[in-house]
Amino acid sequence: MAGLGLDLPTFISQLISFLILLALLTFFGYKPIRAMLDQRSRKIKESMEREEATKKEFEQGQLTAQEQISKAREEGQGIITQATQIGGKLKEEARGEARQEAQAIVDRTRVELERERDKAIDDLRREFVDTSILAAEKVIRETLDKEKHRSLIEETLKGSVTFKEN
Amino acid sequence: MDVQSVHELARLLGASLAMGLGSLGPAIGIGLIGRSAMEALGRNPEARGPIMTNMLLSIAFAEAIAIYAFVVAILLLFVV
Amino acid sequence: MTEKPLLKRFPILRVILFIGLALAIVSFIGGSVGAMLRDSSPLGFLATSPPQPELPAEKPFASLFITNTMIASWISILVLFGLFFAATRKMKLIPGGLQNLVEFFCEVAINFINDVAGKKWGKLFFPVCFTIFLFVLTNAWIDLIPGFGTIKMNGLPLLRNANSDINVPLMLAAVSFCFVEYQGFKAKGSSYLKKFFNFGLLACGFRQLFSGRFKNGIKDTFMGTVAVFAGFIEGISELIRVISFTFRLFGNMMAGTIVVMVMIYLVPWVIPSLFYGLEALLGFVQALIFAGLTLGFLTMAVTSEEEAS
């Protein structure tokens, strides 16, 4: 075996060298690297979890905001309809009032007019009667007294339809 | 022929035969491995990476047999 | 996709190829092969000494037992240690440069080992397997540095590929063997030894033989003998593994060295460079095989048959 180069001192020396290498690499290489890899993977996991949580929160917030917006919209819609209704009612009321007032004005005017007219008719009639009486007096001064004559003419006037109609 | 030259002749002949005959099997094996790898590559060319690595590993295993023959040959040449 | 050929894209490649070819032809004609054909000696600047492979490691210092392979392995240990020390000296959470590189390779190795052995065992196996891989790889690749073997001391090379000294592969194989047996014993306790010394069935057979149940006794004795023999074979194969490990690595590295030597002798220029490339690949593959087989045997040793099936 010596021809092959096999000898114990070299073997032992190489064995020791290899064991030293194993120890060195384990303590200076693998352990810190493994720790670093673990730490990094933990950190990545953590940050991913955090990101997930933030995302969820954001989604939740978005959902709430959406809900609130839709609620507000609904509410606004309600308010608008209500306002429209009220407005309509108010308009209706105002219109009614205006109509009533106008009616009242018209009525009053008509009453006044009628009164004026009546008065005018009355006046006219009185004047006419007076004139008639005067004329009649002139004709028949002595035969008829004034009062009796008046009632007579009055009666005649009432009987006349055309005059009444006016 | 004296003993010395017979010894020398046997040594050289033995080494050559060991190397030559010992390479036969691994050579066939490596050929087969290469053929299978090429077939696999043709069947699905996208698996090029794994096929290459596994082919190289298998070739190294087959080659190891030839290497044993080689070790025997150099033992015969340099040690015996 | 129409890709232009490599030679057309980089015109300089053509020049390099031409020069390389010319040098190869010149060295072929002027070197040993040409000399043999011309029946004269090779040209002066191309003359190289014929390859003289040396199996045992040389001792460059006359009075010391230190061999050149020892020095080479120390250098590779220093290189590896320096690399890892520099990479882990100032660890940062966000890696950069060297730390990133080393971490990347470590992570690849960890993933590979975890894939084969599982996470629980992978953590235990990783240091030994990866150190074997790195040691073999560094030894093989350090040898490829130009001028590595040319430094002489007392007429002998001061440095030599440590893998081509049989003590190193044997040492690695022994470490691998011991680690496998230790892990197997630790994982399974005394039942691990039953794999090699399986006398249970034989004893049962003898007991039956003496208590009068001949038919069962003979059958069990026979089966017991077979089991004992199988255990013996198992033990032998475990030892054979060591030899196979040793000679696979040793033979490959020695063969590589000799091939490069022979090529340098035959065609001194250009052609040996191609074999250097081959050597680089071979060194990587051998390191991978050594570590991978160790890992495979470890996994086989710690997983019981029930678990595996």
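Everything quoted here is computed from the prediction, not taken from an experiment. (Residues numbered from 1 in each chain as written. Chains lettered and ligands numbered in written order. Predicted model: local features only at pLDDT ≥ 70, side-chain atom pairs only at ≥ 80, totals over all residues. Heavy atoms only, no water.)

## Describing the overall build of chain C
Counted only if it meets this: The helix count covers DSSP runs of H or I at least four residues long, the strand count covers runs of E at least two residues long, and both are numbered beginning at the N terminus. The reference for a compact globule is 2.2 Å times residues^0.38; the radius of gyration itself is calculated from the C-alpha atoms. Each residue is placed in one exposure class: buried if its accessible area under a 1.4 Å probe, protein chains only, is under 20% of its type's maximum, exposed if it is over 50%, and partly exposed if it falls in between. Residue contacts are counted whenever heavy atoms from the two residues lie within 4.5 Å of one another. Values of accessible area rely on a 1.4 Å probe in the Shrake-Rupley scheme; residue burial ignores everything except the protein chains shown. Positive charge is attributed to Lys and Arg, negative charge to Asp and Glu, and no charge count is given to His or to the chain ends. For this purpose, a charge sits on NZ of Lys, CZ of Arg, CG of Asp or CD of Glu.
What chain C contains, in helices and strands, is 10 helices and two strands. Taken from the N to the C terminus, the helices and strands of chain C come in the order α-α-α-α-α-β-β-α-α-α-α-α. In terms of C-alpha radius of gyration, chain C reaches 27 Å, well past the compact-globule figure of 19 Å for 309 residues. When its C-alpha atoms are laid out on the principal axes, chain C stretches across 90 × 60 × 60 Å. Counting all 309 residues of chain C, 43% fall into the buried class. Across chain C, the fraction of contacts at a sequence separation of at least 24, relative to all contacts at a separation of at least 6, is 67%. Here chain C displays about 16,800 Å² of accessible surface, and carbon together with sulfur accounts for 73% of that area. Across chain C, the 24 positively charged side chains and the 17 negatively charged ones have centroids separated by 4 Å.

## Considerations on the interface of chain B and chain C
Note the following rule: Each of two parts loses accessible area, computed with a 1.4 Å probe, when they are put together; buried area is these two losses added. Salt bridge, as applied in this entry: a Lys or Arg side-chain nitrogen positioned within 4 Å of an Asp or Glu carboxyl oxygen. A 3.5 Å cut-off defines polar contacts: any pair of N or O atoms within that distance qualifies, except that in protein one atom must be a possible hydrogen donor and the other a possible acceptor, and neighbouring residues in sequence count only when both atoms are side-chain atoms. Any residue that is not Ala, Val, Leu, Ile, Met, Phe, Trp, Tyr, Cys, Pro, Asp, Glu, Lys or Arg is counted as polar, Gly included; the first ten are nonpolar and the last four charged.
Listed by partner, the interface residues are 13 residues for chain B and 18 residues for chain C. With both sides pooled, the region where chain B packs onto chain C buries about 1,300 Å², and carbon together with sulfur makes up 83% of that total. If you look at where chain B meets chain C, you find zero salt bridges. Between the two partners, chain B and chain C, sit one residue pair in polar contact (both at pLDDT 80 or more). Taken together, the residues that form the side of chain B that touches chain C break down as 12 nonpolar, no polar and one charged.

## Some words on the nonpolar core
What counts, and what does not: In these notes, a set of buried Ala, Val, Leu, Ile, Met, Phe, Trp, Tyr and Cys residues joined through side-chain atoms within 4.5 Å is what counts as a nonpolar core.
Of all hydrophobic cores here, the largest spans 57 residues; its most connected members are F84(C), F125(C), F130(C), L134(C), F135(C), M171(C) and L172(C). Those elements that provide at least two residues to this core are α1 (8-139) of chain A together with α4 (68-89), α5 (97-142), α6 (167-188), α8 (214-266) and α9 (271-302) of chain C. Tallying contributions element by element places α5(C) first for this core, with 19 residues. With residues up to four places along the chain from it excluded, the contact list for F130(C) reads Y30(A), F84(C), F105(C), C106(C) and A109(C). Within the second largest apolar cluster, 12 residues are counted, among which are V71(B), I166(C), F247(C) and F250(C).

## Here we look at the interface of chain A and chain C
On the chain C side, the residues contacting the 30 residues of chain A number 45 residues. Summing the contributions of chain A and of chain C, the shared interface buries around 3,400 Å²; its carbon and sulfur component is 77%. On inspection of chain A and its partner chain C, the count reaches one salt bridge. Here E103(C) makes a salt bridge to R40(A), at a shortest N to O gap of 2.7 Å. Counting across the chain A and chain C interface gives six residue pairs in polar contact (both at pLDDT 80 or more).

## So, the side chain of D143(C)
Residue and element names in this part refer to chain C. Structurally, the position occupied by D143 is in the loop between α5 and β1 (152-153). Buried and unpaired, D143 has R160 as its nearest opposite-charge partner, separated by 7.8 Å. Discounting chain neighbours no more than four positions away, the residues touching D143 are F148 and N161.

## Section: the domain arrangement of chain C
Residues and elements named next belong to chain C. Keep this limit in mind: Domain start and stop points were drawn from an automatic or database domain assignment.
Domain boundaries in chain C define domain 1 (18-49) and domain 2 (69-308). Inter-centroid distance (C-alpha atoms) of domain 1 to domain 2 is 41 Å. Residue-level contacts link 13 residues of domain 1 with eight residues of domain 2. Of all residues in domain 1, S27, S32 and T48 give up the largest surface area on contact with domain 2, accounting jointly for 37% of the area buried on that side. At the junction of domain 1 and domain 2, the tally comes to one residue pair in polar contact (both at pLDDT 80 or more).

## Let's talk about a negative patch on the surface
Basically, it comes down to this: Patch definition: residues above 30% relative accessible area lacking any salt bridge, with like charges linked at up to 9 Å and the nonpolar side chains Val, Leu, Ile, Met, Phe, Trp and Tyr linked at up to 5 Å.
There is a patch of like negative charges on the surface, built from E46(A), E49(A), E51(A), E52(A) and E59(A). Structurally, E51(A) can be placed in helix α1.

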